[in-house]
Amino acid sequence: MPNPNDVRASLAPLDDRQQKIVAGLFTVMIQNPTRVRDDEWVAEQLTHLALIAGEFEADSPADGVEAVERYLGAHSVRLLTASLLLFQRVGLDLAPVAKDGFTAEDAVRRALEYFPAAPVTAERDLGEQPIAQRMAELALVPADLVRASTEQLTHKMVARAMKGRRLTANVMGKVQRAFDAATGSTSERHELFTYDPSPRPPTTPA
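Definitions and limits used
Residues numbered from 1 in each chain as written. Predicted model: local features only at pLDDT ≥ 70, side-chain atom pairs only at ≥ 80, totals over all residues. Heavy atoms only, no water. Phe/Tyr/Trp six-rings, centres within 6.5 Å; stacked < 30°, edge-to-face > 60°. Buried < 20%, exposed > 50% of the residue type's maximum accessible area, 1.4 Å probe, protein only. Lys NZ or Arg CZ within 6 Å of the ring centre and 35° of its normal. Axes fitted to C-alpha atoms, helices over the stretch in contact; angles between N-to-C directions. Helix = DSSP H or I, 4+ residues; strand = E, 2+ residues; numbered from the N terminus. Parallel < 35°, antiparallel > 145°, perpendicular 65-115°, else oblique. Contact = heavy atoms within 4.5 Å. Nonpolar A, V, L, I, M, F, W, Y, C, P; charged D, E, K, R; others polar.

Draft legend 1. Representation of the packing of aromatic side chains. Counted by the stated rule, this structure contains one aromatic pair. With 6.1 Å between their ring centres and 75° between their planes, Phe 193 and Tyr 195 make a pair best called edge-to-face. With relative accessibility at 3%, the residue Phe 193 sits in the buried group. We classify Tyr 195 as buried; its relative accessible area is 8%. One residue, Arg 17, lies across the ring of Tyr 71, its end atom 5.0 Å from the ring centre.

Quick look at the structure:
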């Protein structure tokens, strides 16, 4: 059975997205302890949580599914291992008080003690961007950019752009072109964003 250091070591390298997925999967496991040995059920829960917590940029639902599949193909073993170690360790921690009973909330609070105090964010939160100020000055809202776009731009993409959630080059370009279309202007990237976009992940060959 894992000792506390084993659990902390499995969680320490995880980035913010991965920690959210592990915390979510642990919570689902605690609420359904009899299903933890069901590999198919656990895999389904992991996929569902990756979709919720992953915040994947995609041009279409099909692209979104492919992005999640690629992500889980690269990280599922690490995520499942960390989740199971955490589940086992918290079970050991709470065993002495099991006869008195404990809630799922008690277990989650205990689990959170094993997560790093300062999660690694990989600079995903970059602060409000110039595009937000420009839009405010022009009385524009995300819906205006969505209407002006011809590239399946979504409200969520525009909101993320304004808040400074790191975008891929593809999505940043869509937002920039939609802004230009909505304002009838031609902008430079540095006028709307304070950072360089992330490259789009390569497609895995079939």
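So that's the structure; there's more coming.
Draft legend 2. Broad picture of the packing of helix H6 (residues 130-137) against helix H8 (residues 155-163). Contact geometry for H6 and H8: axes closest at 6 Å, N-to-C directions at 110°. Between H6 and H8, the angle is such that the two are roughly perpendicular. Across the interface between the two elements, Ile 131, Ala 132 and Met 135 from H6 touch Val 158, Ala 161 and Met 162 from H8. Considering only residue class, the contact of H6 with H8 consists of six nonpolar, no polar and no charged.

Draft legend 3. View of unusual backbone geometry. Located in the positive-phi region is Ala 139, a residue other than glycine, with phi close to 60°. Checked against the element boundaries, Ala 139 lands in the loop between H6 and helix H7 (142-148). Notably, Gln 152 is not glycine yet its phi reads approximately 60°, a positive angle. Along the chain, Gln 152 falls in the loop between H7 and H8. Here Gln 152 falls in the exposed class, since its relative accessible area comes to 55%.

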